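Fold and contact review
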Amino acid sequence: MPETTDIAADLLALMASPDIASRRWIWEQYDHMVGADTVQRPGGDAAVVRVHGTDKGLAITTDCTPRYCFADPYEGGKQAIAEAYRNLSAVGAKPLATTDCMNFGNPQRPEIMGQFVGCIEGMAEACAALDFPIVSGNVSLYNETKNDDGSGSAILPTPAIGAIGLLADWSKSATIAFKGTGDVIVLIGTRSGHLGQSLWLRELHGREDGPPPPVDLDAERRAGEFVRGVIASGALTAVHDVSDGGVAVTIAEMALAGGYGAMLHAPLPCGVACSLFGEDQGLYVATVADHALLDTLFAAGGAGVEIERIGRTIADRLIFELSDDDHVVTLAALRAAHEGFFPALMGDTIA
């Protein structure tokens, strides 16, 4: 497996890639504040909308990782459900139910029907394990283009998952934004450094190798329940789940959302690339104030959830402390990379 020699350069390349680049250019094209009920705007893990006449809020997300589903339909189907569960948990909402949109190629082709069946079986296992049922959905098949020889080229298998969760008090929902300097940054969940099918491997090395990251549904549920509990207690000041691009991209997105940086100094258990850019499932990055840290660490132990201190929030840059050198990237450089893709694609300029 390749390694990285320049964390800053790799991170900037990922932040500018189509899969991770900011969608702000898109969501600014419509009014996402209709009725003034949207209390968490686009850019986080899930939207949060208040329920009139109550303190309740509804959290809403959509998720799928088609490259995982293509590499292993069963694990990809599990991951689509688990990612939706994780995004709702990251704002503090109890996941209630999902709907699906099953987008595939021509099911008369055995390999396409195999993708369809595998994704459904993986989704079913995840729904049962997470108590997170599918209550509606639809199917869109024959999504293909015809080649010159008459054969079809199918889209990647895309079982898109829409999901909804409930907050007892919308004002206690968590956001991804760092809230200031001096907070402790923790990693919740077990890090194994899985680089197979990662964006880092594809974008930096042109490879789409290996299986997707496995999904441990028992660990996923434990971590989600723990995160929701500590959000409700007020112990966490920011929360974001780890997905595309791994821990480094997760932290960069939190920094850009809040306007504060981070000093990261944790041990790298499996090498730089896999520790920072591996797309392990069931992970969350969170920030904790010093006065709440000890209680949070004890609570994680009691819940059977791993938790690791990996740094602190600082002013205006990300600093990755390694044994041989520090790798530094400014928030200004991150923002230019992250915000630039879609305006450039659409022939626009950054607002």
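Heads up: the structure comes first, above all this text.
Counting restarts for each chain: residues are numbered from 1 in the order of the written sequence. In keeping with the predicted nature of the model, local features appear solely for residues at pLDDT of at least 70, side-chain atom pairs appear and are counted solely at 80 or more, and the whole-chain, interface and lining totals rest on all residues. Hydrogens and water molecules were not included; the side-chain quantities draw on all heavy atoms of the structure.

Moving on, we get to empty space enclosed by the protein. Empty space left among the atoms is revealed by rolling a probe the size of a water molecule over them. Both site types are read off a 1 Å grid over the protein atoms alone. A 1.4 Å probe that fits but cannot get out defines a cavity, while an open set with protein on both sides within 12 Å along at least five of seven lines defines a pocket; lining residues have an atom within 4 Å of a point. Grid points are joined across faces, edges and corners, and a volume is the space filled by probe spheres set on the points. In total, this model carries one cavity of 30 Å³ or more according to the counting rule given. Together, 13 residues line the largest cavity, and L264, H265, A266, L268 and L276 are the ones closest to its centre. Of all the secondary structure elements, the ones that give two or more residues to the lining of the largest cavity are α8 (246-258) and β14 (317-321). Per-class residue counts for the lining of the largest cavity are 10 nonpolar, one polar and two charged. The helix and strand labels rest on DSSP assignments: H or I over at least four residues marks a helix, E over at least two residues marks a strand, and numbering proceeds from the N terminus. Amino acid classes used here: Ala, Val, Leu, Ile, Met, Phe, Trp, Tyr, Cys and Pro are nonpolar; Asp, Glu, Lys and Arg are charged; the rest, including Gly, are polar.

Quick look at the sheet that holds strand β13 (residues 307-314) now. On the basis of which strands lie adjacent, the open sheet formed by seven strands has the order β10-β12-β9-β13-β11-β14-β15 and mixed pairing. At either end of the open sheet lies a strand with only one pairing partner, and these are β10 (236-241) and β15 (326-330). Pairs of neighbouring strands in the sheet enclose a mean axial angle of 25°, with direction left out of account. Pairing analysis gives five bridges linking strand β9 (residues 184-188) to β13, with the strands arranged antiparallel. Within β13, the position partnered with I188 by the bridge is I307. Residue contacts follow a heavy-atom distance rule, with two residues in contact if any of their heavy atoms lie within 4.5 Å. An axis is simply a line fitted to the C-alpha atoms; with a helix, the fit covers only the stretch in contact. Between two such axes, the angle follows the N-to-C directions and lies from 0 to 180 degrees. Across the sheet, α8 lies against β9, β10, β11 (261-264), β12 (284-288), β13 and β14, angled at about 130° from β10, the strand it touches most. Contacting β9, β10, β12 and β13, helix α10 (residues 290-303) runs over the sheet at an angle of about 160° to β13. Paired strands, in this sense, are two strands between which DSSP finds at least two bridges.

What follows concerns the state of the cysteines. Note that a disulfide, as used here, is simply two cysteine sulfur atoms within 2.5 Å. Summed over all chains, the structure comprises one disulfide. The disulfide partner of C270 is C274, and the S-S distance across this bridge is 2.2 Å. Here C274 falls in the buried class, since its relative accessible area comes to 9%. Among the cysteines around C101, which has no disulfide bond, C64 carries the closest sulfur, lying 9.9 Å off. For C101, a relative accessible area of 23% puts it in the partly exposed group. We call a residue buried when its accessible area falls under 20% of the maximum for its residue type, exposed when it is over 50%, and partly exposed in between, using a 1.4 Å probe and counting protein chains only.

Centre distance and the angle of the planes are the two values used to describe a pair of aromatic rings. Two rings from Phe, Tyr or Trp (for Trp, the six-membered ring) form a pair when their centres are within 6.5 Å of each other. A pair whose planes differ by under 30 degrees is stacked, one over 60 is edge-to-face, and the rest are tilted. Per the counting criterion, the structure on display carries four aromatic pairs. With 5.8 Å between their ring centres and 70° between their planes, Y85 and F132 make a pair best called edge-to-face. Residue Y85 is found in helix α4 (residues 73-90), and its partner F132 is found in the loop between α5 (110-130) and β5 (134-140); the two are separated by 47 residues along the sequence. Between the aromatic rings of W200 and F277, the centroid separation amounts to 6.2 Å while the plane-to-plane angle is 10°, which identifies the pairing as stacked. Note that W200 is positioned in helix α6 (residues 199-205) and F277 in helix α9 (residues 272-277), a separation of 77 residues in sequence. You'll find W200 and F277 in the same group, each marked buried.

All right, on to the sheet that holds strand β4 (residues 94-103) then. Across the sheet, which stays open at both edges, the six strands sit in the order β1-β2-β3-β8-β4-β5 with mixed pairing between neighbours. Both edges of this open sheet fall to β1 (38-40) and β5, since each of them pairs with a single strand only. When strand polarity is set aside, the average angle formed by the axes of neighbouring strands in this sheet is 25°. Against the sheet, α5 touches β4, β5 and β8 (158-167), its axis set at about 175° to β4.

Turning next to α4. Given 3.6 residues per turn, any residue in an α-helix points the same way as the ones three and four places further on. Under the convention used throughout, the expected extent of a helix is 1.5 Å for every residue step, that is, one less than its residue count. Taking 1.5 Å of rise per residue, the 18 residues of α4 would be expected to cover 26 Å, and the 25 Å separating its terminal C-alpha atoms lies within 8% of that figure. Of all 18 residues in α4, 17 are buried; the element is thus mostly enclosed. One or two residues past the end of α4 sits G92, with phi positive at roughly 100°.

Attention now moves to the packing of α8 against helix α11 (residues 331-345). Running from N to C, α8 and α11 cross one another at 100°; their axes reach a closest spacing of 10 Å. Here α11 runs roughly perpendicular to α8, going by the angle between their axes. Of the residues in α11, those touching α8 at A252, A255 and L256 are L331, L334, R335 and H338. Should an angle lie under 35 degrees it is considered roughly parallel, over 145 roughly antiparallel, and from 65 to 115 roughly perpendicular; all remaining angles are considered oblique.

Right, let's talk about the layout of surface pockets for a bit. By volume, the largest pocket is sized at about 1,400 Å³. In terms of lining, the largest pocket is formed by 44 residues, of which the most central are P42, G43, G44, D45 and E253. Of all the secondary-structure elements, those providing two or more residues to the lining of the largest pocket are α2 (24-27), β1, β3 (57-63), α3 (66-71), α4, β10, α8 and α11. For the lining of the largest pocket, a count of residues per class yields 16 nonpolar, 14 polar and 14 charged. Here the second largest pocket is characterised by a volume of approximately 280 Å³. Forming the boundary of the second largest pocket are 16 residues, of which T190, D216, A219, Q281 and G282 lie nearest the centre. By residue class, the composition of the lining of the second largest pocket is five nonpolar, six polar and five charged.

The buried count for β9 comes to five of five residues, which makes it a mostly enclosed element. Burial of the side chains of β9 extends over both faces: V184, V186 and I188 are buried on one face and I185 and L187 on the other. Here β9 pairs with β12 via five bridges, running antiparallel. Pairing of I188 across the sheet is with Y284, part of β12.

Take it as geometry only, folks, not as evidence of what the structure does.
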